[in-house]
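# Coordinate analysis (summary)
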Amino acid sequence: MLIIIYSETNQHTIAQNLGRSEYSYYFVLKEYRPVLERLGRVVEVSDPQTEVDALYLDCLSRGEDCVFLSFSPPHRTPAHFACPTVPVFAWEFSTIPNEPFAGEPRNDWRMVLRASGAAITHSNYTVNAVREAMGADYPIVAVPAPVWDRFAARGAQLQRQPKARQVRLKIKGLLADSRQLDLRAFGPAHLRAGKGIDFQAPAREQELVLDGVIYTSVFNPGDGRKNWEDMLSAFCVTFREVEGATLVLKLTHHDAEEALTDILHHLYKNQSYRCRIVLIYGYLADSDYERLVQATSYVVNTSYGEGQCLPLMEFMSCGKPAVAPRTTAMIDYLDADNAFLIDSTDELTAWPHDPRKAFRTLRYITNWASLCTAYRASYDVAKDDPQRYARMSVHAVTSLQNFCSQATAEQRLKAFFSRLFETRNASAMEIPQA
């Protein structure tokens, strides 16, 4: 079997695409590839329009099965190739787009999903949303990006302590520490004073030392789903008098000023507080990323919904319990034994790529008071109950193993491809009745 793979973002364009639409599909493709290589020959293409059908016809001439996996949402997936095409996509809303808009027929995902005849996604929540639109027997499988093996191996080498003790890491880029900033520089324009940040200055290496109970979140601040505002404000209120609590925000974006400006203004607005807020914008070598994971007590998510949430999966695979809502994809791997769960309520919203902003689906709003409660309870466990913390750490690892290990992905993909080609080959052999 030949498996053709493609993502609009690739190793040559990832640097300039960080924070832009669909950039994370490249990371999913990278995690899938080792598993796909166990199931067949894998070829990554850069120009599907000229390469996919040529490869397919070559396979057809030899009687070899061939499939094209397009790591992209359905409205960006080609629907006209002769080669069997399967979209591999993330989705975090209660309904899939089921009507055309903006002059693009593919914006009605049902059109693409009918043409492909099958799909791969990353959570049971999305499987249910697709089958509600396409029918209960539509061939779709949930296969999360198989990150567990790589990160569990890292976690096994790290100290799984609930509190950090002088953990040092080096950052090449911008490091903003609430205890070193003059926050007056980030207030309203007419009130600004003091020294701000020179976003045009060359990146330089800086050292960060972490102590105490560390909460970490990795996200793109330009992604409107992440709801970092609640994460930050609840932290500042909950730990207003607690020096030993630190929130580390590792920001993924292509523009430093765009990434940090709004967050810095929120640091100003939420004053005063004795807890510490650290913003990291820049490159972390693998060893320093591992030290960040080592220092972390809890990984935090306060989003309106997730297609899978790679950072949350990675940290939990390393044995870090979560502070997060149990919604969308997170239903598959969060529970009260590996996370401090945040209550949420649903509200109407628009599909993110719909320029009409028409209310057609639901997202999930964090209960701010519940988030504060989760922060307080998690801090008390890290500080006073190391046995419970250790149990939560172990359960995080085992939960994520069941959810996103390579073995789980291989088993599900193998069964999926088997059914896909069995159905297609049977259809090809059908003889039309006179």
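Residues numbered from 1 in each chain as written. Predicted model: local features only at pLDDT ≥ 70, side-chain atom pairs only at ≥ 80, totals over all residues. Heavy atoms only, no water.

As annotated in an unreviewed UniProt entry, the protein carries the name Glycosyltransferase and comes from Pseudomonas cucumis.

### Focus: the side chain of Thr302
As a reminder, the rule being used: Here a helix means four or more residues in a row that DSSP labels H or I, a strand means two or more in a row labelled E, and each is numbered from the N terminus. For the purposes of these results, a polar contact is taken to be a pair of N or O atoms within 3.5 Å, where, inside protein, one atom must be able to donate a hydrogen and its partner to accept one; residues adjacent in sequence count only when each atom of the pair is a side-chain atom. In this analysis, two residues are considered to be in contact whenever any of their non-hydrogen atoms come within 4.5 Å of each other.
Here Thr302 lies in the loop between β11 (298–300) and α10 (310–317). For Thr302, the side chain forms a polar contact with the main-chain oxygen of Asn227, separated by 2.9 Å. Residues within four places of Thr302 in sequence aside, it is in contact with Lys226, Asn227, Trp228, Met231, Pro325, Ile342, Thr366 and Leu371.

### A short note on empty space enclosed by the protein
Counted only if it meets this: Buriedness of a pocket was judged along seven lines, with at least five required to meet protein on both sides within 12 Å; pockets are open sets of points on a 1 Å grid over the protein atoms alone, cavities are sets where a 1.4 Å probe fits but cannot get out, and lining residues have an atom within 4 Å of a point. Grid points are joined across faces, edges and corners, and a volume is the space filled by probe spheres set on the points. Ten residue types, Ala, Val, Leu, Ile, Met, Phe, Trp, Tyr, Cys and Pro, are classed as nonpolar, four, Asp, Glu, Lys and Arg, as charged, and the remainder, Gly among them, as polar.
For the coordinates displayed, the defined rule picks out one cavity of 30 Å³ or more. Around the largest cavity, the lining comprises 14 residues; the ones closest to its centre are Ser217, Val218, Phe219, Val300 and Asn301. Taken together, the elements giving at least two residues each to the lining of the largest cavity come down to β8 (204–219), β11 and α10. The element contributing the most residues to the lining of the largest cavity is β8, with three residues. A per-class count over the lining of the largest cavity returns eight nonpolar, four polar and two charged.

### Observations regarding the sheet that holds strand β3 (residues 66–70)
What counts here: Only strands that DSSP links by at least two bridges are regarded as paired with each other. Note on geometry: axes are C-alpha line fits, over the in-contact stretch for helices, and angles between N-to-C directions span 0 to 180 degrees.
With respect to topology, four strands assemble into an open sheet ordered β2-β1-β3-β4, the strand pairing being parallel. Across the chains shown, the open sheet's two edge strands, defined by having one partner strand only, are β2 (41–44) and β4 (85–87). Each adjacent strand pair in this sheet contributes to an overall mean axis angle of 25°, direction not counted. Sheet topology places β3 next to β4; three bridges connect them, and they run parallel. Bridging across to β4, Ser70 finds its partner in Pro87. Across the sheet, helix α2 (residues 25–39) touches β1 (2–6), β2 and β3, and the angle it forms with β1 is around 175°.

### Concerning helix α5 (residues 124–134)
Selection criterion: For every residue, the accessible area (1.4 Å probe, protein chains only) is compared with the maximum for its type, and the residue is labelled buried under 20%, exposed over 50%, or partly exposed between those bounds.
Looking only at α5, the buried set comprises Tyr125, Thr126, Val127, Ala129, Val130 and Met134. Summarising the contacts, the buried residues of α5 are in contact with α4 (109–116), β5 (119–121), β6 (140–142) and β15 (361–366). Gly135 sits one or two positions beyond α5 and adopts a positive phi of about 110°.

### Details of the nonpolar core
Convention followed: For our purposes a nonpolar core is just a set of buried Ala, Val, Leu, Ile, Met, Phe, Trp, Tyr and Cys residues, chained together by side-chain atoms within 4.5 Å.
Core analysis: the largest hydrophobic core is formed by 83 residues, its most contacted members being Leu69, Ile120, Tyr333 and Phe417. Contact partners of Tyr333, with chain neighbours within four places excluded, come to Gln308, Cys309, Leu312, Met313, Met316, Asn338, Ser399, Leu400 and Phe403. Formed by 45 residues, the second largest nonpolar core is a distinct cluster that contains Ala176, Tyr215, Leu232 and Ala374.

### Remarks on the environment of Val218
Within the secondary structure layout, Val218 lies in strand β8. A relative accessible area of 17% means that Val218 is categorised as buried. As a C-alpha pair, Val218 and Ser303 span 85 residues in sequence and 12 Å in three-dimensional space.

### Re the pattern of salt bridges
Selection rule: What makes a salt bridge here is a side-chain nitrogen of Lys or Arg within 4 Å of a carboxyl oxygen of Asp or Glu, nothing more.
One pass over the full model with this rule turns up 24 salt bridges. In this structure, the salt-bridge partner of Asp354 is Arg356, at a minimum N-O distance of 2.8 Å. Note on Arg356: relative accessible area 38%, which makes it partly exposed. One network of salt bridges, with partners in common, ties together Arg41, Asp58, Arg62 and Glu64.

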